[in-house]
Structure formats: C-alpha cells, structure tokens
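Chain residues, written in single-letter form:
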Amino acid sequence: MGDSVACVARRGPASEVDFALIGHQESWRAAADVLAVLRGPERTPLPDDEIKDLLPWIPPRAVCHLNVGSIVGAKARGLYIDSFIPPDRLEAAYVHENIARVRGAAACAINTGAKIVSLGGFSSILIEGNFDQLPERHDTAFTTGNTLTVAFIVQGIKKLCALEGRNLQRSTLLIVGATGDVGSGCAHCLAPMVKRVLLSARNVERLRRLAAELQAQGVQVEIATSLQRFSAEADLVICAASLASPSLLLGQIAPGALVCDAGYPKNLSPRAELLGATVFFGGLGQITGGLRFAPDFHGILNRHPFPDVVHGCLLEGMALALEGRFEPFSQGRGSITRERVEEMEAIAARHGICLAPLYNADGPVEDGPHGQTEKQPMQETAGQKWIRE
Amino acid sequence: MEPLIDVKASPMECTSLSTSAPIWQDILAQAMTGELLAAMNYASLSEICDDPAEVADALEHAQGERGHAAAFAAEGIKIGVDVPSNVDAKHWKRLRDAFLRCIAERDFIGCLIVQEIMLESFAVASYSRVGKVAPGSLGKTFARIAAEEEDHVDHAMSILRAERALAAQRFDDKVYRLHLEVMTTLAQMLAKECKDGHCEVCHASCVKPRLFDVSLSAAELRGASLRQYLRTLDMLGIPGEVTLSWVTQLPV
Ligand SMILES: NC(=O)C1=CN([C@@H]2O[C@H](COP(=O)(O)OP(=O)(O)OC[C@H]3O[C@@H](n4cnc5c(N)ncnc54)[C@H](OP(=O)(O)O)[C@@H]3O)[C@@H](O)[C@H]2O)C=CC1
Ligand SMILES: [Fe+2]
Ligand SMILES: [Fe+2]
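Since the model is a prediction, treat every value here as computed from it, not as a measurement.

**Quick notes on the overall build of chain B**
Phase 1 of the analysis: Regarding its fold elements, chain B presents eight helices and zero strands.
Phase 2 of the analysis: Its C-alpha atoms give chain B a radius of gyration of 18 Å, within 12% of the compact-globule value 18 Å for 252 residues.
Phase 3 of the analysis: With respect to the principal axes defined by its C-alpha atoms, chain B has extents near 55 × 40 × 30 Å.
Phase 4 of the analysis: Burial analysis of chain B (252 residues in total) assigns 57% to the buried set.

**Observations concerning the site of ligand 1**
Residues and elements named next belong to chain A.
Phase 1 of the analysis: Inspection of the region around ligand 1 gives 28 residues, with T179, R202, N203, Y264 and R333 positioned closest.
Phase 2 of the analysis: The backbone of G180 places a nitrogen or oxygen atom 2.8 Å from an oxygen atom of ligand 1.
Phase 3 of the analysis: Between ligand 1 and the protein, one listed contact pairs a nitrogen atom with a backbone N or O atom of G282 at 3.1 Å.
Phase 4 of the analysis: Computed on the free molecule, ligand 1 has an accessible area of 910 Å², of which 90% lies beneath the protein chains in the complex.
Phase 5 of the analysis: When residues of the shell around ligand 1 are sorted by domain, at least three fall in each of domain 1 (6-143 + 285-355) and domain 2 (148-282).

**With respect to the nonpolar core**
Phase 1 of the analysis: Counting 165 residues, the largest nonpolar core has A:L199 and A:I238 as its most contacted members.
Phase 2 of the analysis: With 13 residues, the top contributor of residues to this core is helix 1 (residues 21-48) of chain B.
Phase 3 of the analysis: When residues of this core are assigned to domains, at least three map to each of domain 1 (6-143 + 285-355) and domain 2 (148-282) of chain A.
Phase 4 of the analysis: Among the nonpolar cores identified, the runner-up in size contains 25 residues, and A:V102, A:V117, A:L119 and A:F142 belong to it.

**Some thoughts on the domain arrangement of chain A**
All names here are of chain A.
Phase 1 of the analysis: If you check the domain split of chain A, you get domain 1 (6-143 + 285-355) and domain 2 (148-282).
Phase 2 of the analysis: Using C-alpha coordinates to define each centre, domain 1 is positioned 26 Å away from domain 2.
Phase 3 of the analysis: At the interface, 29 residues of domain 1 touch 23 residues of domain 2.
Phase 4 of the analysis: For the domain 1 and domain 2 pair, buried surface summed over both sides reaches about 2,200 Å², with 66% attributable to carbon and sulfur atoms.
Phase 5 of the analysis: Counting the surface domain 1 buries against domain 2, the share from its top three residues, E26, I336 and L355, is 30%.
Phase 6 of the analysis: The partner of E26 in a salt bridge is K266, and the shortest N-O contact between them spans 4.0 Å.
Phase 7 of the analysis: For the interface between domain 1 and domain 2, the tally reads eight residue pairs in polar contact (both at pLDDT 80 or more).
Phase 8 of the analysis: For the side of domain 1 that touches domain 2, the secondary-structure elements that each account for two or more residues are helix 5 (122-127), helix 9 (312-323), helix 10 (338-350) and strand 15 (353-355).
Phase 9 of the analysis: With five residues, helix 10 is the largest single contributor of residues to the side of domain 1 that touches domain 2.
Phase 10 of the analysis: Looking at the side of domain 1 that touches domain 2, its residues break down into 13 nonpolar, nine polar and seven charged.

Conventions and cut-offs
- Residues numbered from 1 in each chain as written.
- Chains lettered and ligands numbered in written order.
- Predicted model: local features only at pLDDT ≥ 70, side-chain atom pairs only at ≥ 80, totals over all residues.
- Heavy atoms only, no water.
- Helix = DSSP H or I, 4+ residues; strand = E, 2+ residues; numbered from the N terminus.
- Rg over C-alpha atoms; globule rule 2.2 N^0.38 Å.
- Buried < 20%, exposed > 50% of the residue type's maximum accessible area, 1.4 Å probe, protein only.
- Near = heavy atom within 4 Å.
- Polar contact = N/O pair within 3.5 Å; in protein donor to acceptor, adjacent residues only side chain to side chain.
- Areas by Shrake-Rupley, 256 points an atom, 1.4 Å probe, with all protein chains shown as cover.
- Domains from an automatic or database assignment.
- Core = buried A, V, L, I, M, F, W, Y, C linked by side-chain atoms within 4.5 Å.
- Contact = heavy atoms within 4.5 Å.
- Buried area = accessible area lost by both parts, 1.4 Å probe.
- Salt bridge = Lys/Arg side-chain N within 4 Å of Asp/Glu carboxyl O.
- Nonpolar A, V, L, I, M, F, W, Y, C, P; charged D, E, K, R; others polar.

Have a look at this one:
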C-alpha cells in the first residue's frame, strides 16, 4: 500500500472530527494541483483533458485531514471535503446538480460526526434558503462563514485606507453584489463610516430594500443595476457578486481607487481596466496558532502567497471549533450585522486568526510593515495573473 | 464443454439500425464477454464455498449471468448482428486471472470484492449509460440487466460490511491490493484511447472513437464506472479520502 494512503487510512476513527470545511476548486489549475497531490509525486500528473473528463464524476468526499491550533492552546481536528463542482460549471444552468453535490458533501460531513461545518465559496450560495434540503442532522451545525468573511473584508479596507492615508469618512464606497450575504454585511459595517455608498446588483427590488435600511440610519445611498449609472465615481470598491467566473469589468471608478475583490471565483475580469487602482483579494485570514494538512495540501488547498492563509468562510468554522461553539453562527442571507461581525472577529482573534497580509495577482500589496503600497501599473489588468494560473 | 449460453431469439427486430449496428455489436460483445466471465467466476466461487446455501447461491448467480449473456446475444440477433465474445481477450483474461488467484487462496471475501465491488460497479454504471441511449429493446435490456447487477452488489454488501466490521484496516488493505490488480486493468480497458493495441473483443478497430455516433463516449463510461465504484466503496465504509487517492492514482 502506498505510504500516503496507508497513513490516512490508519488515522483514528472519523468521529474525532470537530469541524468540516466544504469547498470546491475555483479553477482547473487548482483542481489539477489537488489531483496531482493525490496521485503522488512518483506518478506523472494527469493531462488537462483527462482531469476535465474525470473530475465531474468524482462524488463529494473528504480530501484531507486538518489540524488547527489556537494561540491559547486549543486544538481542533477537521476535514476538508470537496464537492467537486467542476470549476466551469458554477452557472445557474447547473444549479440542481451543484445543490446535489453540496448536499452530498454535507452528508459526508454529517457522517464523520463533524460538530461544525463551514460552507465555503458557492456551497453556501447554493444551500442558503435551502437549509432544509441538507440531510437530516443531529449534532452537526452548518455556518456559511460569511460573518468572518465580512470581518476580513472590512478590516482589509480599513487597513489599506490607513496605509494609503485615505480618509474613510470622505470616501465613496461602491459594493458590487451589495444585496448578497457578504455584500450586505459589508454595507452594514462600512456604510456608516463613509461619505456615500453606491449599491449594485441585478435585482432592483432587493437593492431598494437595502438602500431603505441604510438610509434609515442616515447613510447617503445610491442604487443602480448598471455600474455606468451612478452619479459619482467610487474611490473604494468591494466586489462581492456571486459570479461564476471572473467577468466583472467595473467601468468608471476614481483614479487610484482601492478595490477589494472578495469573490470566489474572483469577480474582476482580466480585461478590467483599473488604471492606477490598488486591488487586493479580500476576505482572507491567517492562522497563527498552526495549521497542518494530512496529506500535505499546504499551498494547494490554500493557494496564497503567504503561509496559513485561508478564506474567511472556512476560517469561521475553524474559529468556532477552537472556541467550542458548535452553532450555526452565520445563516440566513442578509442577517450579518456589525455586532455579529465584531463578535466573530473577537472569537477569531482570541485564537490567533487574523487578517491575512494583503495581496493581489501580482503579489503582496503591502510592502513591509509600514506599508508602502503598490499601485496597479497603468496598463496592467487586475486579476490577470491569477486567471493565467 | 457445455455451451455457456442458450440463445433464444429470432431476427425480428432487424430495423434501421444498420449504420450503428456495428457499434452496438462491439458494445454487446464487451458486455457479453463480461457476463460470461462473471458466470465463470461464480461457477469457480461455488467450488470453494463450504456452506451448501452459499454453493447454491453462487450457482444461481452463475446461471443468472449466463442468462444476461444470452439476452445480449438475443439483442444482437434482433439488430442483425452476431455477438462474439472472448473471455481470453487480454484485459478480460487478466481480470479472470485476478479472480482465480482469490479462488486459489480460497479467499471468498476477495472473490466478492473483485466480482461484486469492482466488476459489477463497471457493469452497473456502463449498462445504465448504454441503457439510456440505446434504442428500443436493446436499451431496455441494458437497463434491466443493470438493475439486476445492482441487486448482486446489494447482496454482497451485507457480507462485506460484516467482514469489515471485524477488522477494518485488514479489510481495507485487502481491497487496496485487489484494487491495484483489478482496477488498474479495468482502467486500462476503459481508457479513452487504447494505447496498448487491440482489445481482442471489438470486431474491427476499437469501437471507442465511434461511441460518439451513438451518444456515448469512452470518457463517460469510464467516469460513470469510477463514480459507481467510489460510491460502492463509500457504502462499505472505506474513508472517502482514501478511495479518492486510489482512484486518482489509476492509469488513464
Ligand atoms: N473571500 C472569501 O473568503 C469568501 C468569498 N465568498 C464569495 O463572495 C461572493 C458573494 O457571496 P454571497 O454574498 O454569499 O452570495 P449571495 O448569493 O448572497 O450574493 C450574491 C450577490 O451578487 C449579486 N449578483 C449575482 N450575479 C450578479 C451579476 N451578474 N452582476 C451583479 N451582481 C450580481 C446578487 O444580487 P442579484 O442576484 O440581484 O444580482 C447578490 O447581491 C461569492 O463569489 C462567494 O464565493 C464567499 C464567502 C467567503
Ligand atoms: Fe450479469
Ligand atoms: Fe452480476
């Protein structure tokens, strides 16, 4: 028996699992890397066409074990479960098939006895509003992980503003995908701190409802289904739309705007022309108390240029496991409030889970501890390198 | 040697399938070979069973598989083709040899793993796919036999689960050892292109490139078979991350 297989098979009983993370790969490159690890270094990697032929047939299942540590000594054991949604099948046309995959992944998580399950990336989007479609469960709680995602997006924006010497109170904030769970959470946290917010999504009714809520708090709000129709240019942008592929062009934003791409897959198209803008990938946190994968998927399942960086949605499940709070912390689209974000931030921070260093497709955005930030070169297109990968 | 199958059909359904008939002929030949091999495997299994009930069970299974082979032969006649079979064709022979090694070791559980978990996963999945696209009674026959094969798997599942409950690691190691032998051969057989020469079952050149003409593909048959196999291993309780690495390590 191959070493890696034997070692995984002999790990203790599955019921010792505290948390499970449900995810999917955002690109074929990422999927290929996962399969290459599973295949082992002694075998030639599968050709791309074989990967595209094989992956859609893989039923949802655990891929690896994780051990996460807290800076106060707590430890939690978990599993990463992939739903194996093919990276090019996130569109609405595949929604039923994808819901079935997430259900299958959820069933795996329940079978392992995981006490808390994070629904990463599109998993929560597919299941939100359909939690009754999950298999029957007794001691397994599900969280979308979006509260910690919002926390890290907001922290990232604030950090970059501070580094760039921008005054948040004088900023115009555009949120694309504003009515979504992540987008509306960001709106609730940041709107009261900025001069004006521009909210964008396709459904105008939902935009109106969110605008009314914010206006009631004295926020200056504009809504539009087309980014071209706003009366002002944004100098802060959060991209949090549930796009199946990086296709957002953004259009007119202020020169030198700060742009957070929080999408998974990324929102920004490689063709987006963001002259002079500073782009960073948002919603990411870093574990400082230790993270181990078995087999070793480090840098494969978390493809970031810094160690132990993980998406906020997945980190929320780990933070709750370390805290011993096995509850559906984030559920129900549009219910993320500032108070809940602060509560989740405090839980994460207690265990050493903090904002990840800011980076984009070209590498780190922060240049050393005092933060000389790197501008997007004039002809460079955001997200291009990411997509190329 | 007694005839392995008893064909009862008349060439009534010779219809407009003339262009695709050679493709169905090869598909039927592969299926019939698999059924005859299964019949031989069950007959061999009956020889190592101690319990008379198990002997009767194995012989009944062997008879059932011969019935399936006959049904496929009959479908061939209906579309006007002769359905050859070749249990000595290279891949099939290797599968038979793997089974015979279990027989030689009087390893009843090993036999069930090879036949019911591995070979039947392939049969259930591929027959189901063929059943969806094949016209008329040809499609119905594939679908019906797929369902019957699934019953075989269910029957074995309870025995195998009980065996795994006794010593999970030992059981999983055995499945892995057999996987390396049997599933590697099945994977080569199901590869999108035959890289190591003629399969010795198709009547002319390999049928795989022509499967598109009947709304099938080699990639789809392989994918469906591996999915079925993974699901069957899940039902046995083998950890999903372990079986995932097994499957991703197979040749393509
Ligand atoms: N960085 C991280 O750690 C995390 C990232 N995410 C990612 O954040 C994104 C949003 O997730 P979530 O809030 O849960 O999703 P939701 O489904 O709750 O919201 C999606 C939002 O996007 C809008 N939208 C969808 N399609 C379009 C479009 N074509 N153009 C403009 N707006 C659109 C929707 O409104 P409407 O339908 O009206 O257009 C809605 O406002 C996803 O990409 C998700 O994967 C999620 C969790 C963690
Ligand atoms: Fe059969
Ligand atoms: Fe059978």
